[in-house]
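Chain by chain, the residues:
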There are 2 protein chains.
Amino acid sequence: MAVSRPSSRTTARAHWDSAATNFIREILDRVGDKWSVLIIGTLAECPVRYSELAEAIPGISPRMLTLTLKHLQRSGIVNRTAYPEVPPRFEHSLTDLGTSLLSTVLYLAAWPADHHREIRDHQSVSDAEASRTKR
Amino acid sequence: MAVSRPSSRTTARAHWDSAATNFIREILDRVGDKWSVLIIGTLAECPVRYSELAEAIPGISPRMLTLTLKHLQRSGIVNRTAYPEVPPRFEHSLTDLGTSLLSTVLYLAAWPADHHREIRDHQSVSDAEASRTKR
DNA sequence: CAGAATCCTCAGAGATACTG
DNA sequence: CAGTATCTCTGAGGATTCTG
């Protein structure tokens, strides 16, 4: 990662340059929220209608679905195509950029799957500690 | 990604099962916030003291640094070691779990770097559209 | 069907000041 | 040095209702 390490010996520690933090913000702005990843994952295979999205993602409100979709469209992740039919149909699909993002997100989602045991083991330990210090 | 696709033909669309959404929540809980990734990245190479972290991460308040560190400790990402010296010294380092998370986060951070051009190109397009519709 | 508008709330984030 | 303790305030997100 792009961390600048000043050559001067007076500053012993590296610090984040603004470019690196901007990269972090860039992805977190796109996939750091509650719904984006789920939407991106749902659009993975084929174009999806608004109501299908709402059905596929339990718990999302129409408001959040619309807002997140707009956000993803602005970010160039999602395409929205209108079909002037009756009843009206709007299909949402991933752009090329969105597809590339999907693959990194899949990588991300693999982490808790791969480390399931370590995560669970740690939790029992730290829960025990918490109850001990509380007493 | 673990998406269940019901075999019944009445439901055309896949929907997220709770295990899959839990995986998403799991990482987002850990790296979805503003500071966690920066802290994890700073701890990458060697143990770091509290004040070094504060210096390395511009703009973080003591409160957020403490809060995020505690959160990461609870999650088993970060170790905190106290050295009973004068002046007191506390070193924070990545656990094994934290190191594994770091590598997936580095992968994540590569995305905006790799797609820098596409992202920028799209932004000029959508900005132009925005100003056109606004008029 | 696919949303837009409106209202509400409450957790997260910052600033500031204090302490073992 | 390495944190707490308060206070405040913004804004993400939910519920509900209305519309092209």
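Conventions and cut-offs
Residues numbered from 1 in each chain as written. Chains lettered and ligands numbered in written order. Predicted model: local features only at pLDDT ≥ 70, side-chain atom pairs only at ≥ 80, totals over all residues. Heavy atoms only, no water. Helix = DSSP H or I, 4+ residues; strand = E, 2+ residues; numbered from the N terminus. Buried < 20%, exposed > 50% of the residue type's maximum accessible area, 1.4 Å probe, protein only. Contact = heavy atoms within 4.5 Å. Salt bridge = Lys/Arg side-chain N within 4 Å of Asp/Glu carboxyl O. Polar contact = N/O pair within 3.5 Å; in protein donor to acceptor, adjacent residues only side chain to side chain. Nonpolar A, V, L, I, M, F, W, Y, C, P; charged D, E, K, R; others polar.

What follows deals with the overall build of chain A. Summing up its helical and strand segments, chain A has six helices and five strands in all. Scanning chain A from its N terminus toward the C terminus, one meets helices and strands in the order β-β-α-α-β-α-α-β-β-α-α. Counting across all 135 residues of chain A, residues that qualify as buried make up 39%. A fraction of 40% describes how many contacts in chain A between residues 6 or more apart in sequence connect residues 24 or more apart.

Attention now goes to the interface of chain A and chain B. Each partner contributes to the interface: chain A provides 54 residues, whereas chain B provides 54 residues. Applying the counting criterion to the chain A and chain B interface returns zero salt bridges. Where chain A touches chain B, the interface holds 18 residue pairs in polar contact (both at pLDDT 80 or more). Elements supplying a minimum of two residues to the side of chain A that touches chain B: β2 (15-16), α1 (18-31), α2 (36-42), α3 (50-56), α4 (62-74), α5 (96-114) and α6 (116-134) of chain A. Looking at the side of chain A that touches chain B, the element that brings in the most residues is α5(A), giving 11 residues. Across the side of chain A that touches chain B, the residue classes break down as 27 nonpolar, 15 polar and 12 charged.

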